[in-house]
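# Coordinate inspection notes
One letter stands for each residue in the lines below.
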Amino acid sequence: MSAIVVESPGMFTTVQDLGRDGFGPMGVSASGAADAISLRVGNRLVENPETAAALEMTLTGGTFLFPDGAVLALAGSNFGATLGGLPVELWTSVEVRRGQTLQVGPTRSGARCYLCIQGGILVHPFLGSASTHALSGLGGWEGRALRKGDTLLAGPSSGRFVKRTVQTNALDRLSPRKILRVTAGPQSDWFPQSSHQLFCESAYRVAEESNRMGIRLTGPPILSIPDREMITEGVSLGAIQVPPGGHPIIVFVEQQTTGGYPKIANIIAADLHSAGQLRPRDEIRFEHVKMETARSALKEQEELLASPELIRP
């Protein structure tokens, strides 16, 4: 096993895996990586199972000392990382020598970068997952974001290093979208046609108040049919709620498992990783698609991720 010493944690760095499914009836959302595609690909680069825990850095990266060395990969957005003063290539496995320090700077593109380490980050699982649910203080590393001086352990490695990188054409197909595809929400018929048209024709900006629980949007307010009231019900990941003010909220990975706002649409599964890379002030649009299109997009994405041609030595 190798150690990772946190010399600087960055803005908000947490331990995340693919989350804990099946506990919504208990009021516990899945949590997990905001950009699950990047986590899965990063883990494959270092020969981990896709479900292995890694570090999710948000907007600003940290500084990490590896006293025992390691094999790692950075996946997701470009945070301008250096190792021993030399640039670290994104989407490529890297061998770290004993005593070297990885410095990860502020974002140059999207919201999140993943530090995947061969062997995975070892933490005590909560409900079968290593993911941090920061709002409730559960899971991950003491249920919180990392702090200076924290020392984490990675699991046993393969003991060998083979440089791997992701094919350029695959990265192009997996890159985050700024036009998010959606299907109709459970209360879609609560909104007049004019509201649906406005929803799809308008540009929305990500608000500063956004977090892993919900991505708040600013833009033209969406109005629902008046005098409609709903009983609180379960909500799904990627649902787009419309509160009384009319400004949409994308329900995200640390979501409340129930909600009382009508939902005009739901982001398709293949585009959820794109939502995970949204930064405050980013501009997005929505495009309505049929369920058949949503299924086809997910099937195509999963086939690409399973392809032996995704990663080359």
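As a reminder, the structure under discussion sits directly above these lines.
These notes cover the structure that comes with them. Within any chain, residue numbers begin from 1 and follow the written order of that chain's sequence. For a predicted model such as this one, the threshold for reporting local features is a pLDDT of at least 70, and the threshold for listing and counting side-chain atom pairs is 80 or more; totals across whole chains, interfaces and linings nevertheless cover every residue. Hydrogens and water molecules were not included; the side-chain quantities draw on all heavy atoms of the structure.

### Here we look at the overall build of the protein chain
Here a strand is any run of E in DSSP of at least two residues, a helix any run of H or I of at least four, and the numbering for each starts at the N terminus. Helices and strands together make up the secondary structure of the protein chain, namely five helices and 23 strands. With C-alpha atoms as the basis for the radius of gyration, the globule rule is written as 2.2 Å multiplied by the number of residues raised to the power 0.38. In terms of overall dimensions, the protein chain is globule-like: its C-alpha atoms have a radius of gyration of 20 Å, near the 20 Å expected for 313 residues. Along the longest, intermediate and shortest principal axes, the C-alpha atoms of the protein chain span 65 × 40 × 30 Å. Working definition: with a 1.4 Å probe on protein chains only, accessible area under 20% of the residue-type maximum means buried, over 50% means exposed, and in between means partly exposed. Counting only residues that meet the buried cut, the protein chain has 52% of its 313 residues in that class. Any pair of residues with heavy atoms lying within 4.5 Å of one another is described as a contacting pair. Long-range pairs, those at least 24 residues apart, make up 77% of the contacts in the protein chain with a sequence separation of at least 6. The Shrake-Rupley method, run with a 1.4 Å probe sphere, supplies the accessible areas, and residue values consider only the shown protein chains as cover. Accessible surface, the protein chain: about 14,000 Å² in total, of which carbon and sulfur atoms supply 53%. Counted as positive: Lys and Arg. Counted as negative: Asp and Glu, with His and the chain ends omitted from the count. Charged groups are reduced to one reference atom each: NZ for lysine, CZ for arginine, CG for aspartic acid, CD for glutamic acid. Taken together, the 29 basic and 30 acidic charged side chains of the protein chain have centroids lying 4 Å from each other.

### Side note on the side chain of Thr183
Of note, Thr183 is situated in strand E14 (residues 179-184). For Thr183, the contacting residues outside a window of four places in its chain are Ala265, Asn266, Ile268, His288, Val289, Lys290, Met291 and Ala294.

### Some remarks on helix H5 (residues 291-306)
The length a helix should cover is 1.5 Å for every residue beyond the first. An ideal rise of 1.5 Å per residue puts 22 Å on 16 residues; H5 measures up with 23 Å between its terminal C-alpha atoms. Among all positions in H5, only Ala294, Ala297, Gln301, Leu304 and Leu305 are buried. All buried residues of H5 lie within an arc of 100° about the axis, which places them on one face of the element. Those residues of H5 that are exposed and angled more than 90 degrees off the buried face are Glu292, Arg295, Lys299 and Ala306. This arc is built from the directions going out from the helix axis to the C-beta atoms.

### Quick notes on the packing of aromatic side chains
Any pair of aromatic rings gets described here by the distance separating the centres and the angle formed by the planes. Pairing of aromatic side chains requires ring centres within 6.5 Å, counting the rings of Phe and Tyr and the six-membered ring of Trp. Pairs whose planes differ by under 30 degrees are stacked, by over 60 edge-to-face, and all others tilted. Taken as a whole, this structure holds three aromatic pairs when the rule is applied. Ring geometry for Phe199 and Tyr204: centres 6.4 Å apart, planes at 50°, overall tilted. Note on accessibility: Phe199 and Tyr204 belong to one class, buried. When the ring of Tyr204 is compared with that of Phe286, the centres are 6.1 Å apart and the planes differ by 55°; the resulting orientation is tilted. In this pair, Tyr204 is assigned in strand E15 (residues 204-206) and Phe286 in strand E22 (residues 283-288), connecting sequence segments 82 residues apart. Both residues of the pair, Tyr204 and Phe286, belong to the buried class. In this structure an aromatic cluster arises from ring pairing among Phe199, Tyr204 and Phe286.

### Things to note about helix H3 (residues 193-201)
Considered for burial, the residues of H3 that qualify are Ser195, His196 and Phe199. All buried residues of H3 lie within an arc of 100° about the axis, which places them on one face of the element. Residues of H3 that are exposed and point over 90 degrees away from its buried face: Gln193, Ser194 and Glu201.

Take it as geometry only, folks, not as evidence of what the structure does.
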